[in-house]
Amino acid sequence: MTEFTEGINTYRIIPIIMKKENADIFLKELLEKKNAEKPITREELVRLTLCPLMGGEIGIKQRLQIACEITRGETAVTKEEIQKREAVIYAMADKFLEGLDMEEFVEGMKMTRLGEMLVKEGEIKGKQEGMNEKETEIIKNLLGVLDDEILMERLHVSKERLEEVKAQK
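Being a predicted model, the structure only gives us computed values, none of them experimental.

Draft legend 1. Structural detail: the pattern of salt bridges. Applying the stated criterion across every chain, the model contains 13 salt bridges. Note that Arg12 is salt-bridged to Glu3, the shortest N-O span being 3.3 Å. A salt bridge links Glu81 to Arg85; the nearest nitrogen and oxygen atoms lie 2.6 Å apart. Linking Glu81 with Arg85, this pair stays in helix α4 (residues 79–96), spanning 4 residues, or about one helical turn. Its relative accessible area of 13% is what places Arg85 among the buried residues. Counted as one network, the salt bridges with shared partners bring together Asp148, Lys159, Glu163 and Lys166.

Draft legend 2. Layout of the state of the cysteines. Applying the stated criterion to the full structure yields 0 disulfides. Summary of cysteine pairing: Cys51 is not part of a disulfide, and the nearest cysteine sulfur, belonging to Cys68, is at 9.3 Å. Look at Cys68 and you get buried, because its relative accessible area is 4%.

Draft legend 3. Highlighting the side chain of Glu81. Overall, Glu81 belongs to the buried group, its relative accessible area being 10%. Side chain to side chain, Glu81 and Arg85 meet in a polar contact 2.6 Å long.

Draft legend 4. The arrangement of helix α8 (residues 159–168) in detail. Residues Arg161, Leu162 and Val165 constitute the buried set of α8. Seen end-on, α8 carries its buried residues on one side only, within an arc spanning 100°. Pointing more than 90 degrees away from the buried face of α8 are the exposed residues Glu160 and Ala167.

Draft legend 5. Quick peek at the nonpolar core. Of all hydrophobic cores here, the largest spans 24 residues; its most connected members are Leu48, Leu64, Ile70 and Phe105. The leading source of residues in this core is helix α3 (residues 60–71), at 5 residues. In this view, Leu64 contacts Pro52, Ile89, Met92, Ala93, Leu97 and Phe105; residues no more than four positions away in its chain are not counted. Within the second largest apolar cluster, 7 residues are counted, among which are Leu143, Leu151, Met152 and Val157.

Draft legend 6. Broad picture of the packing of aromatic side chains. Under the criterion given, the structure shown has 1 aromatic pair. When the centroid spacing of 6.4 Å and the interplanar angle of 25° are considered together, the rings of Phe4 and Tyr11 count as stacked. Of the residues examined, Phe4 reaches a relative accessible area of 36% and is grouped as partly exposed. Taking NZ or CZ as reference, Arg47 lies 4.1 Å from the ring centre of Phe26, over its face.

Draft legend 7. Spatial organisation of the environment of Asn132. Mapping Asn132 onto the fold places it in helix α6 (residues 113–142). Of the residues examined, Asn132 reaches a relative accessible area of 33% and is grouped as partly exposed. Put simply, Asn132 and Ala23 are 109 residues apart on the chain and 48 Å apart in space, counted from C-alpha to C-alpha.

Draft legend 8. Just the pairing of strand β1 (residues 3–6), in detail. Note that β1 and strand β2 (residues 9–12) share 4 bridges and pair antiparallel. Within β2, the position partnered with Glu6 by the bridge is Asn9. The loop that links β1 with its antiparallel partner β2 comprises 2 residues; one of these, Gly7, has a positive phi angle of about 65°.

Conventions used here
Residues numbered from 1 in each chain as written. Predicted model: local features only at pLDDT ≥ 70, side-chain atom pairs only at ≥ 80, totals over all residues. Heavy atoms only, no water. Salt bridge = Lys/Arg side-chain N within 4 Å of Asp/Glu carboxyl O. Helix = DSSP H or I, 4+ residues; strand = E, 2+ residues; numbered from the N terminus. Buried < 20%, exposed > 50% of the residue type's maximum accessible area, 1.4 Å probe, protein only. Disulfide = S-S within 2.5 Å. Polar contact = N/O pair within 3.5 Å; in protein donor to acceptor, adjacent residues only side chain to side chain. Arc of directions from axis to C-beta. Core = buried A, V, L, I, M, F, W, Y, C linked by side-chain atoms within 4.5 Å. Contact = heavy atoms within 4.5 Å. Phe/Tyr/Trp six-rings, centres within 6.5 Å; stacked < 30°, edge-to-face > 60°. Lys NZ or Arg CZ within 6 Å of the ring centre and 35° of its normal. Pairing = 2+ DSSP bridges.

Below, the structure written as structure tokens:
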């Protein structure tokens, strides 16, 4: 089916079969281009993100790793564009890889701009959780020692936060 009508709208679909393209040849061409320090076009980057859908002998995990390597440090497009491509590559990995293969891929992704952002976000979230745990511990230790008004004033916590900690106790 290449056309679908719903009410007054008609949707036309142009199927694109990626399996007919050879990822091995395409990746080799892009690696050669990158090694020759020639810029990679936006169109090539789009095709690169779809390399897991292509045919070829190279395994999907290796295709995705090569795609990350090619994308990393590319200067022909904006940093935001690179981050978008990395996000699509990660989504493809999440779709096609499992278990140890996915873990190994994620480890390699940590070197990308997207990976750095995710690690930094995780560190910030971890610090915040640690601070919340410490705050909770302090409040629990002072409950019954200080009245609620003084506790809120001295520790700069809201009434809601105080009630939340009391409910945990």
